[in-house]
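# Examining the three-dimensional arrangement
In case you want the letters, here they are:
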Amino acid sequence: MMNIDTLIKNGFIIDGTGNKGCHQLVGIKGDKIILPENESEIVAKEIVDASGLVVAPGFIDIHTHSDITLLVDSRGASKVSQGVTTEIIGNCGMAATPYPPARKNEIREAGSVIYAKEVEWSWEDYEEYLKKFQITGVSMNVGFLIGHGAIRAAVMGFDDRKPTEVELERMKQYIKEGMKLGAVGMSSGLEYPPGMFADVDELAELCKVVAEYGGIYSTHMRNEDDYLLDSIKESIEVARRSGVSLQVSHLKAVGKQNWGKVNDAIKLLENACHEGFNVNYDFYPYTASSTSLTSQLPKWAQEGGWARLEERLLDEDLRQQIKKEVTVKLETSVSWHSIMIASVQTKINKELEGKNLEEIADLKQKTPVEAMLDLIYEEKGAVKMIKFSMSEQDVRTVARGKLSMVGSDGYALAVDGPLSMGKPHPRSYGSFPRVIDQYQRKEKLFSLEEAIYKMTGAAAKKLNFTDRGIIKGGSFADLVIFDPDLIKDAATYTDAHQYSKGVHSVYVNGEKAYEKGKFLDPKSGMVARTGTHD
Ligand SMILES: [Zn+2]
């Protein structure tokens, strides 16, 4: 007789490898999975009847920005309710650390997308930041990426130039520190300052260090519209020179004139794969993206960070130049009503959340571009937007690709408490159920086993997680039990703060984190490290 904590029986087990599912017993003992042969050898404290339900490894969200939000609310509610048990934070070059005293303001700006004022940034380096997670406790596992933007800002601020030898060494030092503490790799955000000031030489040099430690290079590429294919080539070139394992972030083609280019992008990535490079990409199942509104401004206007941008917005000539460039760029790819304001910081502009730039222009009796620049100015750059810019067909193509994984590009949020503000992108609440409901069940782009693989085993393999992402004896007991006929996203663009439906229960390291709409907040999350048993 074997005493265990939980026995899940009658469930249809999809183990995360992509193999066909089958009916099998799954047990939890402590924080690990056991696979009993038959029930008679088991005494369990809790028995879960999973008749008609699927049992899968907890989902790994390989692309998130929950760096701060998980410290604000340990439940990870919008994610756990989808079945996500591990968040990979520090994406798009943005991270909350390193955070040396001399560069604090610049680094908070570099991480403006992850910024949440509810938490005091009381750390200076990776070690202290991770300790903060341990002290606070969190109900999901967290794997962290070193943010290239964050280390560049820490070493050289927002300068538009190459690093000196000494500066490059200092950045490498940060990477070593992070990797030794268990980082899963490094991310870049080449469309944002200061990442946009880095060239291939710099990125390849830094990625050599990442590769030495077996980490991945996750890149928000330099361009996702007219120069998408050049950006793909640049990413592959970094992998070629450094030997790093490449993860292209949120693959998409922005702007009508570029729709369809994802086919060639995927071909380039698959060719690199055939050449022997380790290449993958992630996607979220929506046709709108979301980022900071300032990302729509020309690169030169963003050089030097907010302080310099503010000066330029006040300078009549420079402001005219910015207006001209923004207008040309926007009107050739999307339109003013395709940009919706997701969140602002000031009370006075709260009423603009959920409105598009055309509506705001009408309201303010200004042109859309004037309304946009004024809003950026009033909010000191901290405005988030949702931009409707992709084609449904492209999203399908990207989803179906063999190299794809699901990554929300969102945050762990909640319908109550400090994280329930604004009109965030629905991907924070619905990405995983939406892939299953829309692209698997309704459109049959792939089997349920393949869908689960893109959410679990594929990410675990990429990240060298040897003990997560697959249901096998001895692995950490990260599990989701869901109804394959009912699982569905509920969040919409106008009302994102709604939990997904159809997830029965979720276990994180053997502890129940979610059951039938209730969050148990066991704070059983761990730092998920590459290739090690933590
Ligand atoms: Zn990004």
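Residues numbered from 1 in each chain as written. Predicted model: local features only at pLDDT ≥ 70, side-chain atom pairs only at ≥ 80, totals over all residues. Heavy atoms only, no water.

Taking an unreviewed UniProt entry as the reference, the protein chain is identified by name as Amidohydrolase 3 domain-containing protein belonging to Halalkalibacter okhensis.

Strands pair in a sheet through their backbones, by hydrogen bonds, and they do so in one of two ways: parallel or antiparallel. The seven strands are arranged β3-β2-β7-β19-β20-β21-β22 in an open sheet whose pairing can be described as mixed. Looking along the sheet, the strands with just one partner apiece sit at the ends: β3 (22-23) and β22 (518-519). Contacting β2 (12-13), β7 (54-57) and β19 (479-482), helix α17 (residues 448-455) runs over the sheet at an angle of about 30° to β7. (Pairing = 2+ DSSP bridges. Helix = DSSP H or I, 4+ residues; strand = E, 2+ residues; numbered from the N terminus. Contact = heavy atoms within 4.5 Å. Axes fitted to C-alpha atoms, helices over the stretch in contact; angles between N-to-C directions.)

Residues Glu124, Glu127, Glu128 and Glu177 make up a contiguous surface patch of negative charge. Note on placement: Glu124 falls in the loop between α3 (104-110) and α4 (126-136). The class for Glu124 is partly exposed, based on a relative accessible area of 38%. (Patch = residues over 30% accessible without salt bridge, like charges linked within 9 Å, V, L, I, M, F, W, Y side chains within 5 Å. Areas by Shrake-Rupley, 256 points an atom, 1.4 Å probe, with all protein chains shown as cover. Salt bridge = Lys/Arg side-chain N within 4 Å of Asp/Glu carboxyl O. Lys, Arg positive; Asp, Glu negative; His and termini not counted. Charge placed at Lys NZ, Arg CZ, Asp CG, Glu CD. Buried < 20%, exposed > 50% of the residue type's maximum accessible area, 1.4 Å probe, protein only.)

This next bit is on the nonpolar core. One finds Leu251, Leu269 and Phe482 to be the most contacted residues of the largest nonpolar core, which totals 109 residues. In terms of residues, this core owes the most to one element, helix α7 (residues 200-212), which gives six residues. Beyond its immediate chain neighbours, meaning those up to four positions away, Leu251 contacts Leu228, Ile232, Ala265, Ile266, Leu269, Tyr281, Asp282 and Val398. (Core = buried A, V, L, I, M, F, W, Y, C linked by side-chain atoms within 4.5 Å.)

Octahedral six-donor coordination of a metal ideally yields angles of 90 or 180 degrees, compared with 109.5 degrees for tetrahedral four-donor coordination. For the zinc ion, the full set of protein donor atoms is Cys92 (SG), His220 (ND1) and His250 (NE2), at a range of 2.0 to 2.2 Å. Donor residues for the zinc ion, ordered by position in the chain, follow C-x127-H-x29-H. On the criterion of sequence distance, the pair formed by Cys92 in the loop between β9 (84-89) and α3 and His250 in the loop between β13 (245-248) and α9 (262-274) is long-range, its members being 158 residues apart. Judged by its relative accessible area of 3%, Cys92 falls in the buried class. Assessed through its relative accessible area of 2%, His250 is described here as buried. (Donors = N, O, S within 2.8 Å, 3.2 Å for Na, K, Ca; no water.)

Okay, the pattern of salt bridges next. Inspection of the entire model under this criterion finds 42 salt bridges. Glu370 serves as the salt-bridge partner of Arg319, at 2.7 Å between the closest nitrogen and oxygen. Within this pair, whereas Arg319 is found in helix α12 (residues 316-333), its partner Glu370 is found in helix α14 (residues 368-378), the two being separated by 51 residues in sequence. Here Arg319 and Glu370 have matching classes, each one buried. Linking Lys442 and Asp437 is a salt bridge whose minimum nitrogen-to-oxygen distance equals 2.9 Å. Here the residues in one salt-bridge network are Lys162, Asp199, Asp201, Glu237, Arg240, Arg241 and Glu275, joined through shared partners.

Among the eight residues that make up α17, six are buried, leaving the element largely enclosed by the rest of the structure. Residues of α17 that are buried: Leu448, Glu449, Ala451, Ile452, Lys454 and Met455.

Moving on, we get to the domain arrangement of the protein chain. Entries for the protein chain in the domain assignment read domain 1 (57-287 + 390-464) and domain 2 (292-388). Each of domain 1 and domain 2 has a C-alpha centre, and the two are 25 Å apart. Facing the 24 residues of domain 1 at the interface are 21 residues of domain 2. Interface area, domain 1 with domain 2, both sides summed: about 1,800 Å², of which 57% is carbon and sulfur. Where domain 1 meets domain 2, there are one salt bridge. The shortest N-O distance in the salt bridge between Lys329 and Asp225 comes to 3.8 Å. Remark: the boundary between domain 1 and domain 2 carries two residue pairs in polar contact (both at pLDDT 80 or more). Among the residues making up the side of domain 1 that touches domain 2, the classes are represented as eleven nonpolar, six polar and seven charged. (Domains from an automatic or database assignment. Buried area = accessible area lost by both parts, 1.4 Å probe. Polar contact = N/O pair within 3.5 Å; in protein donor to acceptor, adjacent residues only side chain to side chain. Nonpolar A, V, L, I, M, F, W, Y, C, P; charged D, E, K, R; others polar.)

Moving on to the packing of α7 against helix α8 (residues 228-242). Remark: α7 packs on α8, axes separated minimally by 8 Å, with the N-to-C direction vectors making an angle of 50°. The angle between the axes of α7 and α8 places the two elements in the oblique class. Handedness of the crossing formed by α7 with α8: right-handed. Between α7 and α8, the contacting residues are Val200, Asp201, Leu203, Ala204, Cys207, Lys208 and Ala211 on the first element and Glu234, Glu237, Val238, Arg241 and Ser242 on the second. (Parallel < 35°, antiparallel > 145°, perpendicular 65-115°, else oblique. Left-handed = near helix turned anticlockwise from the far one by under 90°.)

The interhelical angle for the contact between α12 and α14, taken along N-to-C directions, is 120°, at an axis separation of 10 Å. Put simply, α12 runs oblique to α14. Pair α12 / α14 crosses with right-handed handedness. From α12, Arg319, Ile322, Lys323, Val326, Thr327 and Leu330 reach across to α14, where they touch Val369, Glu370, Met372, Leu373 and Asp374.

Once that is clear, we can look at α9. Given a rise of 1.5 Å per residue, 13 residues ought to cover 18 Å, and the 18 Å separating the end C-alpha atoms of α9 matches this to within 8%. Taken together, the buried positions of α9 are occupied by Val262, Ala265, Ile266, Leu269 and Ala272. For α9, the buried positions fall inside an angular range of 120° around the axis, keeping them on one side. On its buried face, α9 sits against α8, β13, β14 (279-283) and α15 (392-400). Positive phi appears at Gly276, one or two residues downstream of α9, with a value of about 105°. (Expected span 1.5 Å × (residues − 1). Arc of directions from axis to C-beta.)

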